[in-house]
Amino acid sequence: MEQKLFALQRLTAMIMAPFVLIHVGLIVYAVQGGLTAGEILSRTQGSWGWISFYTLFVVSVGIHVPIGVRNILIEWARLSRTTAGMISAAFSALLLFMGLRAVVAVGGLLS
């Protein structure tokens, strides 16, 4: 199990790296360009490219981060693997819920 989680975390890190670079680049572009929130939303809403991009980003974060949190809970808090796994699974569900909710809003899927 530990080896599979290790591999999964490394895989999601490789997936997240370009997403992070693109996301940060877009933030810099938007700030330097003086774009307003409304202008940004007008570009993202209804765009299946951006909806797909941020959905994959959120899912990879929702898998990657809880694995790291699980390891911290085991090593530093001395929790059992079972307890740490349950807390991490709940944290993963929270990240996925909040992240996908943001994707729905930014993508304009409920408008």
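Residues numbered from 1 in each chain as written. Predicted model: local features only at pLDDT ≥ 70, side-chain atom pairs only at ≥ 80, totals over all residues. Heavy atoms only, no water.

Peer 1: Explain the overall build of the protein chain to me, please; I cannot follow it from the model alone.
Peer 2: Each helix and strand in the protein chain was counted, giving four helices and zero strands. Walking the protein chain from its N terminus toward its C terminus, one meets helices and strands in the order α-α-α-α. Referenced to the eigenvectors of the C-alpha coordinate spread, the extents of the protein chain come out at roughly 50 × 25 × 20 Å. Out of the 111 residues belonging to the protein chain, those deemed buried represent 25%. Relative to all contacts within the protein chain whose residues are 6 or more apart in sequence, the contacts with residues 24 or more apart total 73%. Per element, the accessible surface of the protein chain, about 7,400 Å² overall, is 72% carbon and sulfur. (Helix = DSSP H or I, 4+ residues; strand = E, 2+ residues; numbered from the N terminus. Buried < 20%, exposed > 50% of the residue type's maximum accessible area, 1.4 Å probe, protein only. Contact = heavy atoms within 4.5 Å. Areas by Shrake-Rupley, 256 points an atom, 1.4 Å probe, with all protein chains shown as cover.)

Peer 1: For this particular structure, what's the right way to read the packing of aromatic side chains?
Peer 2: The description of an aromatic ring pair uses the distance of the two centres, along with the angle that the planes make with each other. Across all of its chains, the model carries seven aromatic pairs by this definition. Each ring, one from Phe53 and one from Tyr54, has its centre 4.7 Å from the other, and the planes form 85 degrees; the classification is edge-to-face. Pairwise contacts between aromatic rings join Phe19, Trp50, Phe53, Tyr54 and Phe57 into one cluster. (Phe/Tyr/Trp six-rings, centres within 6.5 Å; stacked < 30°, edge-to-face > 60°.)

Peer 1: What should I look at first to understand the environment of Ala17 in this one?
Peer 2: Checked against the element boundaries, Ala17 lands in helix α1 (residues 2–32). On the basis of relative accessible area, Ala17 is assigned to the partly exposed category, the value being 38%. Separated by 66 residues in the primary sequence, Ala17 and Thr83 place their C-alpha atoms 29 Å from one another.

Peer 1: I tried to follow the side chain of His64 on my own but got confused; where do I start?
Peer 2: Its place among the elements puts His64 in helix α3 (residues 48–75). A polar contact of 3.1 Å, which involves the side chain of His64, links it to the backbone oxygen of Gln9. When residues no more than four places from it in sequence are discounted, the contact partners of His64 are Gln9, Thr12, Ala13 and Met16. (Polar contact = N/O pair within 3.5 Å; in protein donor to acceptor, adjacent residues only side chain to side chain.)

Peer 1: I'm lost on the nonpolar core in this one. Help?
Peer 2: For soluble globular proteins, nonpolar side chains are generally found buried alongside one another. Ranked by size, the top nonpolar core spans seven residues in total: Phe19, Ile51, Phe53, Tyr54, Phe57, Val58 and Val103. The element best represented in this core is α3, accounting for five residues. When sequence neighbours within four positions are dropped, the list of residues in contact with Val103 reads Ile51, Tyr54, Thr55 and Val58. (Core = buried A, V, L, I, M, F, W, Y, C linked by side-chain atoms within 4.5 Å.)

Peer 1: Help me understand unusual backbone geometry, please; the structure alone is not making it clear to me.
Peer 2: At Arg78, a position not held by glycine, the phi torsion is positive, near 60 degrees. Position of Arg78 among the secondary structure elements: in the loop between α3 and α4 (81–107).

Peer 1: Got a minute to help me understand a nonpolar patch on the surface in this structure?
Peer 2: Taken together, the side chains of Leu8, Leu11, Met14, Ile15, Val59, Ile63 and Leu100 present a nonpolar region at the surface, about 530 Å² in accessible area. Elements that contribute at least two residues to the nonpolar patch include exactly α1 and α3. Note on placement: Leu8 falls in helix α1. Here Leu8 falls in the partly exposed class, since its relative accessible area comes to 33%. (Patch = residues over 30% accessible without salt bridge, like charges linked within 9 Å, V, L, I, M, F, W, Y side chains within 5 Å. Salt bridge = Lys/Arg side-chain N within 4 Å of Asp/Glu carboxyl O.)

Nothing here speaks to function; it is all geometry.
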